[in-house]
Amino acid sequence: MESFALLIAATLNAGTVLAIAGLGLLINERAGVLNLGAEGMMLVAAIAGFATAVHTGSDLLAFAAGMAAGGLMAAVFGGMVIWLNTNQYASGLALSLFGTGFSAFAGIKYTQEKLGDRMKFEIPGLADIPFIGPALFKQHPMVYLAIALAFALAWFLYRSRAGLVLRAVGESPDSAHALGYPVRRIRLLAVVVGGALCGLAGAYVSVIYTPLWVEGMIAGKGWIALALTTFATWRPARVLLGAYLFGGVTMLQFHLQGEGVQIASQWLSMLPYLATVVVLVLISRNATWIRVNMPASLGKPFFPGS
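Residues numbered from 1 in each chain as written. Predicted model: local features only at pLDDT ≥ 70, side-chain atom pairs only at ≥ 80, totals over all residues. Heavy atoms only, no water.

K.L.:
Hey, could you run me through the nonpolar core in this one?
P.N.:
Nonpolar side chains tend to gather and get buried jointly when the protein is soluble and globular. By size, the foremost hydrophobic cluster in this structure holds 85 residues, and its most contacted members are Phe 63, Tyr 204 and Trp 213. Top element by residues in this core is helix H9 (residues 183-209). It accounts for 14 residues. What Trp 213 contacts, discounting residues up to four positions off in sequence, is Leu 43, Ala 46, Ile 47, Phe 50, Ser 103, Gly 107, Tyr 110 and Thr 111. (Core = buried A, V, L, I, M, F, W, Y, C linked by side-chain atoms within 4.5 Å. Buried < 20%, exposed > 50% of the residue type's maximum accessible area, 1.4 Å probe, protein only. Helix = DSSP H or I, 4+ residues; strand = E, 2+ residues; numbered from the N terminus. Contact = heavy atoms within 4.5 Å.)

K.L.:
Would you take a moment to explain the packing of aromatic side chains for this structure?
P.N.:
We describe a pair of aromatic rings using the distance from one ring centre to the other and the angle between the two ring planes. For the structure on display, the rule yields three aromatic pairs. Aromatic pair Phe 98 and Phe 102: ring centres 5.6 Å apart, planes at 15°, arrangement stacked. You can see Phe 98 and its partner Phe 102 sitting in helix H4 (residues 88-106), four residues apart, about one turn around the helix. Take Phe 102: its relative accessible area is 38%, and that puts it in the partly exposed class. For the pair Phe 231 and Phe 246, a centre-to-centre distance of 5.9 Å together with 65° between the ring planes defines the contact as edge-to-face. Here the residue Phe 231 occupies a position in helix H10 (residues 221-231), and Phe 246 occupies one in helix H11 (residues 236-258), the gap between them amounting to 15 residues. (Phe/Tyr/Trp six-rings, centres within 6.5 Å; stacked < 30°, edge-to-face > 60°.)

K.L.:
Looking at this structure, I do not really get empty space enclosed by the protein. What am I missing?
P.N.:
Counted according to the given criterion, the structure contains one cavity of 30 Å³ or more. There is about 60 Å³ of room inside the largest cavity. Of all the secondary structure elements, the ones that give two or more residues to the lining of the largest cavity are helix H3 (59-83) and H9. A class-by-class count of the residues in the lining of the largest cavity yields five nonpolar, two polar and three charged. (1 Å grid on protein atoms, 1.4 Å probe; cavity = no way out; pocket = protein on both sides within 12 Å on 5 of 7 lines; lining within 4 Å. Points joined across faces, edges and corners; volume = space filled by probe spheres on them. Nonpolar A, V, L, I, M, F, W, Y, C, P; charged D, E, K, R; others polar.)

K.L.:
What is the right way to look at the side chain of Asn 28 in this model?
P.N.:
Inspection of the secondary structure puts Asn 28 in helix H1 (residues 2-30). Apart from residues lying up to four places away in sequence, Asn 28 is in contact with Val 33, Asn 35, Ala 190, Val 191 and Gly 194.

K.L.:
What is the right way to read unusual backbone geometry from this model?
P.N.:
Only a minority of non-glycine residues have a phi that is not negative, and only a minority of peptide bonds are not trans. Even without being glycine, Thr 233 reaches a positive phi, approximately 50°. Looking at where Thr 233 falls in the secondary structure, it is placed in the loop between H10 and H11. Judged by its relative accessible area of 0%, Thr 233 falls in the buried class. In the Ramachandran plot, Trp 234 falls in the positive-phi region, its phi being about 60° despite a non-glycine side chain. Looking at the secondary structure, you find Trp 234 in the loop between H10 and H11. We classify Trp 234 as buried; its relative accessible area is 2%.

K.L.:
How should H4 be read in this particular structure?
P.N.:
Within an α-helix, residues lying three or four positions from one another point in the same direction, as the helix has 3.6 residues per turn. Taking 1.5 Å of rise per residue, the 19 residues of H4 would be expected to cover 27 Å, and the 26 Å separating its terminal C-alpha atoms lies within 8% of that figure. Residues of H4 that are buried include every one of Gln 88, Ser 91, Gly 92, Leu 95, Ser 96, Gly 99, Ser 103 and Ala 104, and no others. Buried-residue contacts for H4 involve helix H2 (38-56), H3 and H10. Where H4 begins, the side chain of Asn 87 points an oxygen toward the backbone nitrogen of Tyr 89, at a separation of 2.9 Å. (Expected span 1.5 Å × (residues − 1). Polar contact = N/O pair within 3.5 Å; in protein donor to acceptor, adjacent residues only side chain to side chain.)

K.L.:
Looking at this model, I keep getting lost on the environment of Ala 237. Mind explaining?
P.N.:
Mapped onto the secondary structure, Ala 237 falls in helix H11. A residue is classified by how much of its surface remains accessible, and Ala 237, at 45% relative accessible area, is partly exposed.

K.L.:
Looking at this structure, I do not really get the environment of Ala 243. What am I missing?
P.N.:
Take Ala 243: it is sitting in helix H11. You can call Ala 243 buried: its relative accessible area is 0%. With 12 residues separating them along the chain, Ala 243 and Phe 231 place their C-alpha atoms 9.9 Å apart. For Ala 243, the contacting residues outside a window of four places in its chain are Gly 15, Leu 18, Ala 19 and Leu 228.

K.L.:
Is there a simple way to explain the environment of Asp 128 in this structure?
P.N.:
If you trace the backbone, Asp 128 turns up in the loop between H4 and helix H5 (132-136). What makes Asp 128 exposed here is its relative accessible area of 61%. As a C-alpha pair, Asp 128 and Lys 138 span 10 residues in sequence and 9.4 Å in three-dimensional space.

K.L.:
Which parts of the structure should I look at to understand the packing of H1 against H9?
P.N.:
To characterise two packed helices, one gives the angle between the axes of the helices and the distance between these axes. One can describe the packing of H1 onto H9 by two numbers: an axis separation of 7 Å at closest approach and a directional angle of 165°. The pairing of H1 with H9 is recorded here as roughly antiparallel in orientation. Taken as a pair, H1 and H9 cross one another with a handedness that is left-handed. Contact residues: Asn 13, Ala 14, Thr 16, Val 17, Ile 20, Ala 21, Leu 23, Gly 24, Leu 25, Ile 27 and Asn 28 in H1; Ala 190, Val 191, Val 193, Gly 194, Leu 197, Cys 198, Leu 200, Ala 201, Tyr 204, Val 205 and Tyr 209 in H9. Classifying every residue of the contact of H1 with H9 gives 17 nonpolar, five polar and no charged. (Axes fitted to C-alpha atoms, helices over the stretch in contact; angles between N-to-C directions. Parallel < 35°, antiparallel > 145°, perpendicular 65-115°, else oblique. Left-handed = near helix turned anticlockwise from the far one by under 90°.)

Here you go:
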């Protein structure tokens, strides 16, 4: 039971990275912008957050630096695809490639750096409950923030006027423009906020999840977060559920190795990516279901007055 509780705790920790990044990408896509640069943004944010933590010793400043790095890269991407009408797919891939190369260059001198001992968190009283305490109530505050963020975003999208406007911009930008809403500015704001959340996820990886810097340490999490939005049919609560599903698959490989299960490590390492492919294949079997839930203008440029 103790090992199972630890598996649940590790699942929540691993899923938090995917949840925060996935929610950020969901905001982008709800506004009609497809950003394939999540991997690059998370890598740049990871080195920005880690470097800030090394020099200041403050996790909060590290998270802020990661969000700033992600938001800045997203702003550049947004300016290109929203105002210059460049191809969103090509621009996103270029952003990912740039982030991968830049983070590797900027992180050279930090490969030998180490952060101090990480602070332990627990909720007094609840953390002492057998099984449930170690599984749920000894998590970093960012885990609970991710859960709160998912429900807050769901309320924003479906219960607030601003959320309705954001969804209108993603579904029918021409109609929103005709009603007087600044479609391009709304899309840019959504892209920057989404990039900042991807940056927060990247900083969490290098500062808390694995407190060190290694080139390419995001290891495909940006792509999995991108797949999560489709898996979740662009709904925040489902993004959260999917993030913990993939987080559980990721942690399962270490749990099985610890239990002495005789499976080649290469097979275990590919489980998260295999699960991503399987889920996307199953979802794609019903093209109508995807088409009904997908924002109508996703990936398409907007030309005012067209």
